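# Understanding the architecture of this molecule
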Amino acid sequence: MSAREAFAAMREAGLEPVLAAARQKVYEADGLRGRVRLTLGAAQLDELANLLGRVSVRDGQVLVPLQDLDAALTRSRFRTGLLDVLEAGYGPIVTRRQEREAAASRWASWLKQVGDALPPVDGVRAWFERVVAGESPSARWVRRVYRTDAEQAARAVAAVGTALARLPVDRGEHELLAVFAASLTGDPHAFDEKEPAGALLEHALRERFGPPPEELRPHEARAFLLDQAGLGADQVSSTVLVAHLAGARWAPAPGASHPMVAAMTACTGAWAVTLGELRRWSAARAHRGRAYVVENPPVFEWLLRRLAGAPPERRATLICTGGFLSAAGFRLLDLLAAERTEIWYGGDFDRNGITIAVGLAARYGGLFRLWRFGPEDYRAAALGPGGQPLSEGDRAALLSVTGPLAPTARAVATGGVTAYQERLVEVLAQDLMEQ
């Protein structure tokens, strides 16, 4: 008799739950291993006992060893094994191990096919080797997208591999991201932030250039990262306020001073310098080797007004971050730091202001200075009303600060309220006038 007849007979006897449980166990255990446990009614137990000869019941559940069920079916009038019966009723059996092996084989074949199509460039090959090894954020992204859409993952890898082989920074150039994308893929939006290739490109650039500063807002972090690769989503939205630079060299005319910098310093004007403009600078200098950095635009403007009457050569270099630094802000400070300029920073005495200072201290090391941003300055700024109570989260964050900002952070956490830089504008102005 056939395995199909055996399956039909067991179903008619009410034993299909036993077969369904056996099929699941075979899938999990990769064969006729172990036993199944299930609850059956009295009539079902009788039918099972007739097949097996006896049944074992514990805590109201019957225990059925798969090897015993296989042997009983082989001895029965059907003369067929359990695996044949299961395949007759449910179709070919593929175990979990077999699924994993097949998936691994498909993955390896996909990686080889995609990898073989990449440009034969050392940097691209090294990046893809880390993808194959599963040792990078790019690898995790590729594997995740592959599981849902292998073709989409392949297109993204191909686009990013081609991009890594032709990054403008490697040629000493800069290019708009949309133009770059169109030249490589035909689609100017291929590397947009929300597109698959755009997300993978960001991972790949982080792996090559390192992560952007943590305190950058997400869109500024992306702009900073792209800029390192010689790319820009646009070159005008990221800006930094600056006044009274001592000079800047203009890359389009090697050795030449930037005419706008000299003009703005002479008329004590502030300039919202774009990232694109800063890319055309090869160097920047501050008066007396010091750049004074403030967090808040009102403080920046107030200090500009106080400095307006001073001779141009006495006007201190001022920079305003407008909160967390932009990609343009970091590029300007990097240019100044390359000339060994001291970076003097003062901001609000709150979690954000101290976080900005921590990031600057880490980035500029021995060039970083606190400008009226110590514990005593906090206590002076906190006198009188106006400060906001710290949340428990802010207080915990401040108490975890280490390094040169730790004393200020502890003072603010102990004081329990924020304090604002606007309360110190008079002493800030005096510092600038006396430098």
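Described below are features of the structure shown in this document. In this numbering scheme, every chain counts its residues from 1 along its sequence in written order. Reporting in this predicted model follows two pLDDT cut-offs: at least 70 for local features of residues, and 80 or more for side-chain atom pairs to be given and counted; totals over whole chains, interfaces and linings ignore these cut-offs and use all residues. Hydrogen atoms and water are omitted, and side-chain values are computed over all heavy atoms in the structure.

### Topic: the overall build of the chain
The criterion, for reference: Each helix is a run of DSSP H or I of at least 4 residues and each strand a run of E of at least 2, with the numbering of both proceeding from the N terminus. With C-alpha atoms as the basis for the radius of gyration, the globule rule is written as 2.2 Å multiplied by the number of residues raised to the power 0.38. A 1.4 Å probe rolled over the protein chains alone gives each residue an accessible area, and that area as a share of the maximum for its type sets the label: buried under 20%, exposed over 50%, partly exposed in between. Throughout, a contact is declared for two residues whenever any of their heavy atoms are within 4.5 Å.
Per the secondary structure count, the chain includes 21 helices and 13 strands. Since a compact globule built from 435 residues should have a radius of gyration of about 22 Å, the 35 Å found for the chain marks it as more spread out than a globular shape. Within the chain, the proportion of its 435 residues that are buried is 45%. Considering only contacts within the chain whose residues lie at least 6 apart along the sequence, 73% involve residues at least 24 apart.

### Some details on helix 5 (residues 82–90)
Stated precisely, the cut-off is as follows: Think of the arc as the fan of directions from the helix axis to the C-beta atoms.
Buried within helix 5 we find Leu82, Val85 and Leu86. The buried side chains of helix 5 occupy one side of the element, clustering within an arc of 95° when seen end-on. Where helix 5 is buried, its residues contact helix 1 (3–12), helix 2 (16–29) and helix 4 (66–75). With its phi angle positive at about 95°, glycine 91 sits one or two positions after the end of helix 5.

### Looking at a negative patch on the surface
Selection criterion: Each patch is built from residues lacking any salt bridge and having more than 30% relative accessible area; the joining distance is 9 Å for like charges and 5 Å for nonpolar side chains (Val, Leu, Ile, Met, Phe, Trp, Tyr). Note on areas: these come from Shrake-Rupley sampling with a 1.4 Å probe, and a residue is covered only by the protein chains present in the view. Between Lys or Arg on one side and Asp or Glu on the other, a salt bridge is scored when a side-chain nitrogen of the former is within 4 Å of a carboxyl oxygen of the latter. Two residue types count as positive, namely Lys and Arg, and two as negative, namely Asp and Glu; His and chain ends fall outside the count. Charged side chains are reduced to one point each, which is NZ for Lys, CZ for Arg, CG for Asp and CD for Glu.
Negative charge collects at one region of the surface, where Asp187, Asp192, Glu193 and Glu195 lie side by side. Counting through the fold element by element, aspartate 187 comes out in the loop between helix 10 (177–185) and helix 11 (196–209). Aspartate 187 gets classed as partly exposed once you look at its relative accessible area, which sits at 34%.

### So, helix 20 (residues 406–415)
All of the buried residues in helix 20 are Ala406, Thr408, Ala409, Ala411, Val412 and Ala413. Backbone geometry just after helix 20 places glycine 416 at a positive phi near 80°.

### Overview of the sheet that holds strand 3 (residues 61–65)
To keep it simple, the criterion reads: When DSSP finds at least two bridges between two strands, those strands are taken to pair. Orientation is described by lines fitted to C-alpha atoms, with helices fitted over the stretch in contact, and by angles between N-to-C directions that extend from 0 to 180 degrees.
One open sheet accounts for 3 strands, arranged 1-3-2; its pairing is antiparallel. A strand with exactly one partner marks an edge of an open sheet, and here the two such strands are strand 1 (35–38) and strand 2 (56–58). This sheet shows a mean twist of 30° between the axes of neighbouring strands, independent of strand direction.

### Structural notes on the pairing of strand 6 (residues 239–243)
Pairing between strand 6 and strand 8 (residues 270–274): 5 bridges, direction antiparallel. The residue of strand 8 that forms the bridge with threonine 239 is threonine 274. Examined bridge by bridge, strand 6 and strand 11 (residues 317–320) share 3 bridges and lie antiparallel to one another. Note that in strand 11 the partner of alanine 243 across the bridge is leucine 318.

### So, the side chain of aspartate 431
Formally: Each polar contact in these results corresponds to two N or O atoms within 3.5 Å; when the atoms are within protein, one needs to be able to donate a hydrogen and the other to accept it, and residues that are neighboring in sequence are counted only if both atoms are side-chain atoms.
Among the structural elements, aspartate 431 can be located in helix 21 (residues 425–434). Here aspartate 431 falls in the buried class, since its relative accessible area comes to 18%. Reaching out from aspartate 431, the side chain makes a polar contact with the side chain of tryptophan 371 at a distance of 3.0 Å. In contact with aspartate 431, other than residues within four places in its own chain, are Trp371 and Arg372.

### Examining the packing of aromatic side chains
Short version of the rule: Two aromatic rings, drawn from Phe, Tyr or Trp (for Trp, its six-membered ring), form a pair once their centres lie within 6.5 Å of each other, and the interplanar angle then sorts them: stacked below 30 degrees, edge-to-face above 60, tilted otherwise. A ring has a charge above it when a Lys NZ or an Arg CZ is no more than 6 Å from the ring centre and no more than 35 degrees off the ring normal.
Taken as a whole and assessed by the stated rule, the structure comprises 13 aromatic pairs. The interplanar angle of 55° and the centroid separation of 6.4 Å between the aromatic rings of tryptophan 127 and phenylalanine 128 together place this pair among those described as tilted. Neither residue differs from the other here; tryptophan 127 and phenylalanine 128 are each classed as buried. Arginine 143 extends its terminal NZ or CZ atom over the ring of tryptophan 107, reaching a point 4.3 Å from the ring centre.

### So, empty space enclosed by the protein
What counts is decided by this rule: Each cavity reported here is a set of points on a 1 Å grid over the protein atoms alone in which a 1.4 Å probe fits but cannot get out, each pocket an open set with protein on both sides within 12 Å along at least five of seven lines, and each lining residue one with an atom within 4 Å of a point. Grid points are joined across faces, edges and corners, and a volume is the space filled by probe spheres set on the points.
Under the definition given, this model contains 1 cavity of 30 Å³ or more. Reported here for the largest cavity is a volume of approximately 60 Å³. In this structure, the largest cavity is lined by Val242, Ala243, His244, Leu245, Val261, Met264, Thr265, Trp271 and Trp281. Listed by contribution, the elements that provide at least two residues to the lining of the largest cavity are strand 6 and helix 13 (259–266). The greatest single-element share of the lining of the largest cavity, amounting to 3 residues, is contributed by helix 13.

### Brief notes about the pairing of strand 3
Sheet topology places strand 1 next to strand 3; 4 bridges connect them, and they run antiparallel. Within strand 3, the position partnered with valine 36 by the bridge is valine 64. Count of turn residues in the strand 2/strand 3 antiparallel hairpin: 2 residues, of which aspartate 59 carries a positive phi of about 50°.

### What to know about the environment of aspartate 68
Position of aspartate 68 among the secondary structure elements: in helix 4. A C-alpha to C-alpha distance of 82 Å links aspartate 68 and arginine 379, two positions 311 residues apart in sequence.

### Structural notes on the sheet that holds strand 6
Strand order in this open sheet of 6 strands is 8-6-11-10-12-13, and the pairing throughout is mixed. Sheet topology places strand 8 and strand 13 (368–370) at the edges, where each strand pairs with a single neighbour. Sheet twist, expressed as the mean angle between neighbouring strand axes with direction ignored, is 30°. Of the strand pairs in this sheet, strand 10 (residues 290–294) and strand 11 are connected by 4 bridges, and their pairing is parallel. For tyrosine 292, the partnering residue across the bridge sits in strand 11 and is leucine 318. Most of the contacts of helix 15 (residues 297–307) go to strand 11, to which it runs at about 160°, and overall it touches strand 6, strand 8, strand 10 and strand 11.

### What to know about unusual backbone geometry
Positive phi outside glycine occurs at arginine 340, with the angle close to 65°. Secondary-structure assignment places arginine 340 in the loop between helix 16 (327–338) and strand 12 (342–346). A positive phi angle, near 50°, is found at arginine 372, a position not held by glycine. The residue arginine 372 is located in the loop between strand 13 and helix 18 (375–381) in this model.

### Examining the environment of tyrosine 420
Tracing the backbone through its elements, the reader meets tyrosine 420 in the loop between helix 20 and helix 21. Separated by 72 residues in sequence, tyrosine 420 and aspartate 348 place their C-alpha atoms 4.6 Å apart. Dropping the residues within four chain positions of it, tyrosine 420 is found in contact with Asp348, Ala381, Gly386, Gly387 and Gln388.

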